[in-house]
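Architecture and fold: a report
Listed below are the residues making up each chain.
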Amino acid sequence: MSHDTIAINQRMDKFDGHHSVWLFGYGSLIYKADFPFIERRPASIANWTRRFWQGSHDHRGTEAAPGRVVTLVHAAGAVCDGMAYLITPQVFAHLDHREKNGYLRLATDITFDDATTTEGLVYIATADNAAFLGPASEYDIAVHIAASHGPSGPNRDYLMELAQALRAMGKDDPHVFAIEAFLGSL
Ligand code: SIN
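Note that this is a predicted model, so its numbers are computed, not measured.

1. Points about the packing of helix 4 (residues 138-146) against helix 6 (residues 174-185)
Between helix 4 and helix 6, whose axes approach to 8 Å, the crossing angle comes to 60 degrees. Of the possible angle classes, the one that applies to helix 4 and helix 6 is oblique. The crossing of helix 4 and helix 6 is right-handed. Contacts from Glu138, Tyr139, Ile141, Ala142, Ile145 and Ala146 in helix 4 reach His175, Ala178, Ile179, Phe182 and Leu183 in helix 6.

Pasting the structure below:
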């Protein structure tokens, strides 16, 4: 699969006809909401865990030297905390461009922090996309992030802003916080 997912995402028709759709964000979508939204609520999705396993050629790295950003990996029983946004379908044109480096829109159940649920969408970069980098130790991920820069800025800022946003929401993520600690020691 090519890592430009815009065309595939534009064919995603599950919520066609809806006036608004809930989008779950778990990476930069938590702290960088550069799109209009009707409402935003802390939320989580089940059976996925956040990992810095996706290459970034367009935001936090380059074609020659991709950075590392988050995707979600299946993990039975896991809970991934993030932020849910109620958006109009028009916003997907912007989001599909922003998330074009391997991310596909998938339907998911979303649980708000008050335990109510809804169905919505999440952008996930699966292991079969060309930009997928896969596992590495948290120390090696920190070293990689420390050396990476792209059009959206230093890869380090992506990680630090994500860690700060999770902390501000009172959420734990041992993977993110371990990489943050290694980055601080480099
Ligand atoms: C997300 O934040 O939900 C997707 C990954 C990213 O854009 O960082």
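Once you've had a look at it, read on.
2. A look at the site of the ligand
In the vicinity of the ligand, the contacting residues are Gly25, Tyr26, Gly27, Ser28, Leu29, Val70, Glu99, Tyr103 and Tyr158. Between the ligand and the protein, one listed contact pairs an oxygen atom with a backbone N or O atom of Gly27 at 2.8 Å. One can see that the ligand is located within the largest pocket. By residue class, the composition of the shell around the ligand is five nonpolar, three polar and one charged.

3. Description of the environment of Thr108
With respect to the helices, strands and loops of the structure, Thr108 is situated in strand 4 (residues 104-112). Looking at Thr108, the relative accessible area reads 10%, which means it is buried. Once the C-alpha coordinates of Thr108 and Val122 are considered, the two residues, 14 residues apart in sequence, prove to be 6.7 Å apart. Discounting chain neighbours no more than four positions away, the residues touching Thr108 are Ile45, Thr118, Glu119, Gly120, Leu121 and Val122.

4. Quick look at helix 6
Given a rise of 1.5 Å per residue, twelve residues ought to cover 16 Å, and the 17 Å separating the end C-alpha atoms of helix 6 matches this to within 8%. Taken together, the buried positions of helix 6 are occupied by His175, Val176, Phe177, Ile179, Glu180 and Leu183. Buried positions along helix 6 lie against strand 2 (39-56), helix 4 and helix 5 (155-168). If you check the start of helix 6, you find a side-chain oxygen 3.1 Å away from the backbone N of His175, and it comes from Asp173.

5. As for the sheet that holds strand 3 (residues 67-87)
Strands sit in the order 1-3-2-4-5 around a closed barrel of five strands; the barrel is mixed. This sheet shows a mean twist of 45 degrees between the axes of neighbouring strands, independent of strand direction. Looking at chain direction, strand 2 and strand 4 are connected through two bridges and run antiparallel. When the bridges of strand 4 are listed, Ser44 appears paired with Thr111. Here helix 5 sits on the sheet and contacts strand 2 and strand 3; the angle it forms with strand 3, its principal contact strand, is near 80 degrees.

6. As for the pattern of salt bridges
Per the counting criterion, the structure on display carries eight salt bridges. The partner of Arg98 in a salt bridge is Glu99, with the nearest N and O atoms 3.3 Å apart. As far as burial versus exposure is concerned, Arg98 and Glu99 are alike and both buried. A single network of salt bridges, built from pairs that share partners, joins Asp34, Arg98 and Glu99.

Reading guide: rules and limits
Residues numbered from 1 in each chain as written. Predicted model: local features only at pLDDT ≥ 70, side-chain atom pairs only at ≥ 80, totals over all residues. Heavy atoms only, no water. Axes fitted to C-alpha atoms, helices over the stretch in contact; angles between N-to-C directions. Helix = DSSP H or I, 4+ residues; strand = E, 2+ residues; numbered from the N terminus. Parallel < 35°, antiparallel > 145°, perpendicular 65-115°, else oblique. Left-handed = near helix turned anticlockwise from the far one by under 90°. Contact = heavy atoms within 4.5 Å. Near = heavy atom within 4 Å. Polar contact = N/O pair within 3.5 Å; in protein donor to acceptor, adjacent residues only side chain to side chain. 1 Å grid on protein atoms, 1.4 Å probe; cavity = no way out; pocket = protein on both sides within 12 Å on 5 of 7 lines; lining within 4 Å. Sits in = over half its atoms within 2 Å of the grid points. Nonpolar A, V, L, I, M, F, W, Y, C, P; charged D, E, K, R; others polar. Buried < 20%, exposed > 50% of the residue type's maximum accessible area, 1.4 Å probe, protein only. Expected span 1.5 Å × (residues − 1). Pairing = 2+ DSSP bridges. Salt bridge = Lys/Arg side-chain N within 4 Å of Asp/Glu carboxyl O.

Everything listed here is a matter of geometry and, on its own, says nothing about what the molecule does.
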